[in-house]
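# Examining the three-dimensional arrangement
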Amino acid sequence: MSNKDETAGKLLGPDRAAAVEATDRSKPIPGGEPPCPECDSAMTRHVEKHPAPRGGGSPFRVRLVCSSEDCGAWTVYDW
(Lines give C-alpha, C1' and ligand atoms only; values in the text may rest on other atoms or scores of the structure.)
Protein backbone atom coordinates (compact mmCIF):
# COMPACT_ATOMS: atom_id res chain seq x y z
CA MET A 1 0.00 0.00 0.00
CA SER A 2 1.56 3.27 -1.13
CA ASN A 3 0.69 6.62 0.39
CA LYS A 4 1.87 9.85 -1.31
CA ASP A 5 2.60 11.37 2.12
CA GLU A 6 5.02 8.53 2.82
CA THR A 7 6.89 9.19 -0.42
CA ALA A 8 6.95 13.00 -0.21
CA GLY A 9 10.18 14.50 -1.46
CA LYS A 10 12.66 16.36 0.64
CA LEU A 11 12.33 19.93 1.81
CA LEU A 12 14.78 22.19 -0.03
CA GLY A 13 17.59 23.67 2.04
CA PRO A 14 17.56 27.39 2.90
CA ASP A 15 19.83 28.56 0.06
CA ARG A 16 18.05 26.59 -2.65
CA ALA A 17 14.63 27.51 -1.26
CA ALA A 18 15.53 31.22 -1.28
CA ALA A 19 16.73 31.01 -4.90
CA VAL A 20 13.56 29.18 -6.01
CA GLU A 21 11.38 31.70 -4.14
CA ALA A 22 13.15 34.65 -5.79
CA THR A 23 12.71 33.08 -9.23
CA ASP A 24 9.04 32.32 -8.56
CA ARG A 25 8.31 35.84 -7.26
CA SER A 26 9.83 37.33 -10.42
CA LYS A 27 7.26 35.52 -12.60
CA PRO A 28 4.13 34.82 -10.48
CA ILE A 29 1.99 33.81 -13.46
CA PRO A 30 0.76 30.44 -14.71
CA GLY A 31 3.65 28.83 -16.53
CA GLY A 32 6.19 30.99 -14.70
CA GLU A 33 7.10 28.32 -12.16
CA PRO A 34 10.85 27.74 -11.70
CA PRO A 35 12.69 24.51 -12.47
CA CYS A 36 13.47 22.22 -9.55
CA PRO A 37 17.02 22.83 -8.27
CA GLU A 38 17.36 19.12 -7.49
CA CYS A 39 16.38 17.55 -10.83
CA ASP A 40 15.50 20.43 -13.20
CA SER A 41 11.88 19.23 -13.66
CA ALA A 42 9.13 21.85 -13.64
CA MET A 43 7.83 22.81 -10.21
CA THR A 44 4.12 23.16 -9.55
CA ARG A 45 2.82 26.21 -7.66
CA HIS A 46 0.04 25.81 -5.09
CA VAL A 47 -1.36 28.94 -3.43
CA GLU A 48 -2.78 28.04 -0.03
CA LYS A 49 -4.53 29.91 2.73
CA HIS A 50 -2.50 29.84 5.95
CA PRO A 51 -4.00 27.30 8.34
CA ALA A 52 -4.08 29.83 11.19
CA PRO A 53 -4.83 33.55 11.37
CA ARG A 54 -1.81 35.72 10.66
CA GLY A 55 -1.02 39.16 11.98
CA GLY A 56 -0.22 41.41 9.03
CA GLY A 57 0.98 40.43 5.62
CA SER A 58 -0.87 38.21 3.25
CA PRO A 59 -3.10 35.39 4.49
CA PHE A 60 -1.63 33.20 1.73
CA ARG A 61 1.46 31.11 1.27
CA VAL A 62 2.93 29.49 -1.82
CA ARG A 63 4.02 25.85 -1.95
CA LEU A 64 6.33 24.84 -4.79
CA VAL A 65 6.56 21.10 -5.41
CA CYS A 66 8.70 19.33 -7.99
CA SER A 67 6.50 17.62 -10.58
CA SER A 68 8.80 14.59 -10.78
CA GLU A 69 7.48 11.68 -8.72
CA ASP A 70 11.06 10.46 -8.27
CA CYS A 71 12.17 13.79 -6.78
CA GLY A 72 9.25 15.64 -5.21
CA ALA A 73 11.44 18.33 -3.61
CA TRP A 74 9.39 21.19 -2.15
CA THR A 75 9.42 24.50 -0.33
CA VAL A 76 6.87 26.93 1.13
CA TYR A 77 7.06 30.71 1.42
CA ASP A 78 4.75 33.50 2.58
CA TRP A 79 3.19 35.50 -0.24
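Described in the following lines is the structure provided in the data block. Just so we're clear, the structure is a prediction, and the values are computed from it rather than from any experiment. (Residues numbered from 1 in each chain as written. Predicted model: local features only at pLDDT ≥ 70, side-chain atom pairs only at ≥ 80, totals over all residues. Heavy atoms only, no water.)

## Here we look at the sheet that holds strand E1 (residues 43–49)
The condition is simple: For two strands to be treated as a pair, DSSP must find at least two bridges joining them. Working definition: helices are DSSP H or I runs of at least four residues, strands are E runs of at least two. Numbering for both runs from the N terminus. Every axis corresponds to a line fitted to the C-alpha atoms, with the helix fit spanning only the stretch in contact, and the corresponding angles, defined between N-to-C directions, vary from 0 to 180 degrees.
The three strands are arranged E1-E2-E3 in an open sheet whose pairing can be described as antiparallel. This sheet does not close on itself; its edge strands, each paired only once, are E1 and strand E3 (74–78). Between one strand axis and the next, the sheet turns through 20° on average, direction left out of account. With five bridges joining them, strand E2 (residues 60–66) and E3 adopt antiparallel strand pairing. Bridging from a neighbouring strand, Arg61 pairs with Asp78 of E3.

## Brief notes about the nonpolar core
The condition is simple: We define the nonpolar core as a collection of buried residues of types Ala, Val, Leu, Ile, Met, Phe, Trp, Tyr and Cys that are connected through side-chain atoms lying within 4.5 Å of one another. Categorising residues by exposure relies on relative accessible area from a 1.4 Å probe, with only protein chains included: less than 20% of the type maximum marks a residue as buried, more than 50% marks it as exposed, and the intermediate range marks it as partly exposed. Contacts are assigned to residue pairs with any non-hydrogen atoms lying within 4.5 Å of each other.
Judged by nonpolar contacts, Leu12, Ala17, Val20, Cys36, Met43, Val62, Leu64, Cys66, Cys71, Ala73 and Tyr77 together constitute the single largest core of eleven residues. Listing elements by their share of this core, those giving two or more residues are helix H1 (14–26) and E2. It is E2 that contributes the most residues to this core, three residues altogether. Filtering out sequence-adjacent residues up to four positions away, Ala73 remains in contact with Gly9, Lys10, Leu12, Cys36, Glu38, Met43, Leu64, Val65 and Cys66.

Keep in mind that these numbers describe shape and distance, not what the molecule does.
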